Amino acid sequence: MPGLLRPGLPLGAPGPLVPPPGRRRYLWPWLLLLLLLVGWLVWPRHDHKANAAPPSKTINGWTLAGARGPDCLRLDLAVDDSGSMLNFSSARDAALSQLVAWLPGNLRPDDEVAVIDFAGVASVRNPPTRVGQLTQRPAVDVSGGSARGTLLDPVFDSVSGLPPTRCQSALVLMSDAQLDDLPANAAAGRRLLLDHSTHAVRLLVPGRAIVVPPEWTTAFPEAPPARFDGYDGSATALAFGRTIADLTGQNLVPKRVAATPTPRATP
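Parameters and conventions
Residues numbered from 1 in each chain as written. Predicted model: local features only at pLDDT ≥ 70, side-chain atom pairs only at ≥ 80, totals over all residues. Heavy atoms only, no water. Buried < 20%, exposed > 50% of the residue type's maximum accessible area, 1.4 Å probe, protein only. Helix = DSSP H or I, 4+ residues; strand = E, 2+ residues; numbered from the N terminus. Arc of directions from axis to C-beta. Contact = heavy atoms within 4.5 Å. Polar contact = N/O pair within 3.5 Å; in protein donor to acceptor, adjacent residues only side chain to side chain. Phe/Tyr/Trp six-rings, centres within 6.5 Å; stacked < 30°, edge-to-face > 60°.

Draft legend 1. Spatial organisation of helix H5 (residues 186-195). For H5, every residue scored as buried is listed here: Ala186, Gly189, Leu192 and Leu193. Down the axis of H5, the smallest arc covering the buried residues is 115 degrees, so these residues share one side. Against the buried residues of H5 lie helix H4 (153-160), strand E6 (200-205) and helix H6 (214-219). For H5, the N-terminal capping position is held by Asn185, with its side-chain oxygen 3.2 Å away from the main-chain nitrogen of Ala187.

Okay, structure coming up:
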């Protein structure tokens, strides 16, 4: 029996360890992600917001955009000449001049504009004029203000005395709203507008420090005060522009400025 046993083949040396299948395959995505992250960190970037031009501070840098309804607009601009508003008169009249130059490119030719001065009484400074026929600046107010109080009824009486129009009429007051004859409630305010064929009213207040009496909002809840820097003619003109956009249902947006091509270097 012992002779039947023969020695077997010698055992070989242990082979190298083999990594589990697929290990390298899962490592590559992580390496690629790491390279992309490093590239994003070192790649030169431009801050487009920092390089963008700031919005224009003058109304000439803005335009009305968006669709309008079929009706034309009569814009009755009523400016308060009472003693409390005298400090804003210079900027206000500069704004009106800017506005008259801006309107033909933004309103329709058949829209109309009128300017009314008021305090204790009211007078028509500029009668209704079609936008397509605006060829001159509005007349300069020479009333010098009034210390007799400020009344709203004379403004509406002046509006009713204007020539008839087929346009929707909107009354825009630039005032501190220290009015002695405001309607008692919203129903009375609506009746006042209806009786004078006025479809909307808006209030522009030239300063955040001006305290508008609560009776204004009670009478005209649809016309909360819109405030701006009344010492700045350009800011005043922009306030008028925003109000016009509100009345036409459009947006006041910055004009697109064509990029200036970079000149080529001379060899």
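Draft legend 2. Quick look at the packing of aromatic side chains. This model, assessed by the stated rule, comprises two aromatic pairs. Summarising the aromatic geometry, the rings of Phe88 and Tyr231 are spaced 4.8 Å apart at their centres and angled 45 degrees between planes, so their arrangement reads as tilted. Residue Phe88 is found in the loop between strand E2 (73-80) and helix H3 (89-102), and its partner Tyr231 is found in the loop between strand E7 (226-227) and helix H7 (233-248); the two are separated by 143 residues along the sequence. Taking the relative accessible area as the measure of exposure, Phe88 reaches 7% and is therefore buried. When its relative accessible area of 57% is taken as the criterion, Tyr231 is described as exposed. Relative to Phe220, the ring of Trp216 has its centre 4.7 Å away and its plane inclined at 50 degrees; by these criteria the two rings are tilted. As far as the burial class goes, Trp216 and Phe220 line up, both buried.

Draft legend 3. Molecular detail of unusual backbone geometry. Even without glycine at this site, Ala177 takes up a positive phi of about 65 degrees. As for its placement among the helices and strands, Ala177 is situated in the loop between strand E5 (168-174) and H5. Judged by its relative accessible area of 0%, Ala177 is buried. Positioned with a positive phi, Ser197 is a non-glycine residue whose angle comes to about 50 degrees. Inspection of the secondary structure puts Ser197 in the loop between H5 and E6. For Ser197, a relative accessible area of 52% corresponds to the exposed category.

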